Amino acid sequence: MANPLSKDLKLTAEQQAILVNVLYFVEAYDVQDNGLVTLKKLLKEVDKSLLNENDIRAYEKIKKIVMSDTYLQNLTIWHQSKVMGYDMQGLNAAVFKDGNNNAFVVFRGTGNAEWLDNGYGLSGLPEHLHTTQQKEALEYFDKVVEMLGKDVSITVTGHSKGGNKAQYVTINSQYRDRITACFNFDGQGFSPEAIESFKSKHGAESYQEAVNKMYGFNTQNDYVNVLGTTVIPEDHLYYFENVIGSGLNYFEDHFADAFLNDDGTFLDPVEQGVFSKFVQNVSDELMSRSPNERAPATNTVMSILQTFMGEGAEPIGGNVTPEKVIYGLPEVVDTLIAALGDPASLILWQFRFVLLPTVQIIMESAKGIKETLKNAGITLWYSVKNLGTGLW
C-alpha cells in the first residue's frame, strides 16, 4: 500500500519539485547579483536557445506554474554555484529564498563530467566512500550556510545525482543541525560501506536524526532512486504516476517534471512500479557483493553512460577506455542473471516490464549509435539465452 501523504508535506514537496526543475534552466542565466533576481524575472528572461527540446517542454510547463503562484514568483536566487567559480560540468546548485528567512538549497542532477563519480559512489571501495563530487557539494553547502547567516531556516533539495548530494550534505555537513528537511527526487542511495562510514564518523544517533529529516519522491517506475542502498525511512518514500508522455517510454520516468501535473500538483501516491522493483532487485544483488566484485560493474555501467551522455566532457576522477568497459561486463551479466532468479514463470513479465523499458532507456541514452547498441544488445541476449536463463 502506498504511504499516505499529508496536505502540508504535499504542498511543500510540490514547491521543492518546481525548484529542482527551475535549476535546469538557471544554467541558461547568470545571476550575478544575489537577491535581486526573482523567479518570475528569471523565467521570463531565460535564453531558450540554450535549452534542449525536452528542457523547453519542461520550461514552458514550469513557467506557467510559477506565474500562477505569487509565493514562487517572488522567490529570489542567491549563490549560484557557477558564479561562485564551480565548474558546471560538475556541481550545479543555487539557493532560493523567500521573504521569511527560508532558504532552499537545490542541487541539479548529473553534470556532463560526473558519470564516473556515480559509479564510484556505489562501488564501496575505501577511496570512494566520500566521492569527489559529494565532497564538492558539501563544500558548497557549508559555504552557503555561512553566507546565509544564523537566522535562516534551511531546506535541502535535489533531483537525481542532486538528490544524492542533498542526502549527503544532510548527513555529513558540520551544519546539519541547521537543516529542517531534505527532499530527494529520484536520487540514488549509497553503498553499504559508505553508510557504515557515515555512522562511524557521526555516531548512530546523529546519523538517524539526519535521515529522519529526509523524504523521497519518485515516479512509479523510476530506475535511479533504487540504485545503491536507500537511507530514507520507508514511511518517508512516495511514488507517483508519470504525468508526461504516453506512459510507454520508461526513459521519461526520470524526467524532473514527471511528478507534476500542469497546475504544479502531485497525483495521489501509488505503489512502486514493476520495472522500478526489478532495477531495485538488480541493485540489491550488486550491493550484496564485495566492493572488489561490485566496482567493475558500477564502473562499466557509468563508463558507458559517460561516453553516451557526457557530451564529450572530460570525466572527473578518471577516464573511459574500452578495457574498463569490457572488464566489468561479466559482473554486470552475472548480476542480472542472479537478480532475475527462476525465469520460467516470468517470461511475459520480463518481456513487458524488463526488456522493453531497458531497451528504451538505452536507446534514448545513445541516440547517435542506436544501430550499434541494437546489434550489441541482440548479441548479449543470445549469449544470456545460451547460458540457460530461459528468457525466451
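Structure first, text after, so check above.
**Focus: the packing of helix 1 (residues 7–26) against helix 3 (residues 53–67)**
When two helices pack together, you describe them by how their axes are tilted relative to each other and by the distance separating the axes.
Consideration 1: Where helix 1 meets helix 3, the closest approach of the two axes is 10 Å, and the angle between their N-to-C directions is 130°. In terms of their interaxial angle, helix 1 and helix 3 are classed as oblique. Between helix 1 and helix 3 lies a crossing of left-handed hand. Packed against helix 1, whose contacting residues are I18, N21, V22 and F25, the element helix 3 presents D55, A58, Y59, I62, I65 and V66 at the interface.

**Section: the pairing of strand 7 (residues 237–240)**
Consideration 1: Of the two faces of strand 7, the one lined by L237 and Y239 and the one lined by Y238 and F240 are each fully buried.
Consideration 2: Two elements, strand 6 (residues 214–219) and strand 7, share four bridges in a ladder whose sense is parallel. Each bridged residue has a counterpart across the sheet, and for G216 the counterpart in strand 7 is L237.

**Digging into the pattern of salt bridges**
Consideration 1: Under the counting rule described, the total for this entry stands at 12 salt bridges.
Consideration 2: The partner of D257 in a salt bridge is R57, and the shortest N-O contact between them spans 2.7 Å. With D257 in the loop between strand 7 and helix 10 (274–287) and R57 in helix 3, the pair connects residues that are 200 residues apart, well separated along the chain.
Consideration 3: Residue D257 is classed as buried on the basis of its relative accessible area, which comes to 1%.
Consideration 4: Of the charged contacts in the structure, one is a salt bridge between R289 and E285, with a shortest N-O distance of 3.0 Å.
Consideration 5: By relative accessible area, E285 is classed as partly exposed at 24%.
Consideration 6: Shared partners join several salt bridges into a network, and the residues in it are E285, R289, E331 and D334.

**Topic: the environment of F185**
Consideration 1: Within the secondary structure layout, F185 lies in strand 5 (residues 179–185).
Consideration 2: Considered as a pair, F185 and G216 are 31 residues apart in the sequence and their alpha carbons are 6.0 Å apart.
Consideration 3: The contacts of F185, once residues within four sequence positions are left out, are A13, Q16, A17, V20, T157, G158, H159, S160, F217, F259 and F266.

**Topic: the pairing of strand 2 (residues 93–97)**
Each regular strand displays side chains that alternate between the two surfaces of the sheet.
Consideration 1: Most of strand 2 sits out of view: five of its five residues are buried.
Consideration 2: Side chains A93, V95 and K97 of strand 2 all project onto a buried face; the interleaved residues A94 and F96 project onto the opposite face, where all are buried too.
Consideration 3: As paired strands, strand 1 (residues 76–78) and strand 2 are joined by three bridges and run antiparallel to one another. Bridging from a neighbouring strand, I77 pairs with F96 of strand 2.
Consideration 4: With five bridges connecting them, strand 2 and strand 3 (residues 102–107) associate as antiparallel partners. Pairing of A93 across the sheet is with F107, part of strand 3.
Consideration 5: With antiparallel pairing between neighbouring strands as the criterion, strand 2 and strand 3 make up a hairpin whose turn holds four residues, including N101 at a positive phi of roughly 65°.

Calculation rules
- Residues numbered from 1 in each chain as written.
- Predicted model: local features only at pLDDT ≥ 70, side-chain atom pairs only at ≥ 80, totals over all residues.
- Heavy atoms only, no water.
- Axes fitted to C-alpha atoms, helices over the stretch in contact; angles between N-to-C directions.
- Helix = DSSP H or I, 4+ residues; strand = E, 2+ residues; numbered from the N terminus.
- Parallel < 35°, antiparallel > 145°, perpendicular 65-115°, else oblique.
- Left-handed = near helix turned anticlockwise from the far one by under 90°.
- Contact = heavy atoms within 4.5 Å.
- Buried < 20%, exposed > 50% of the residue type's maximum accessible area, 1.4 Å probe, protein only.
- Pairing = 2+ DSSP bridges.
- Salt bridge = Lys/Arg side-chain N within 4 Å of Asp/Glu carboxyl O.

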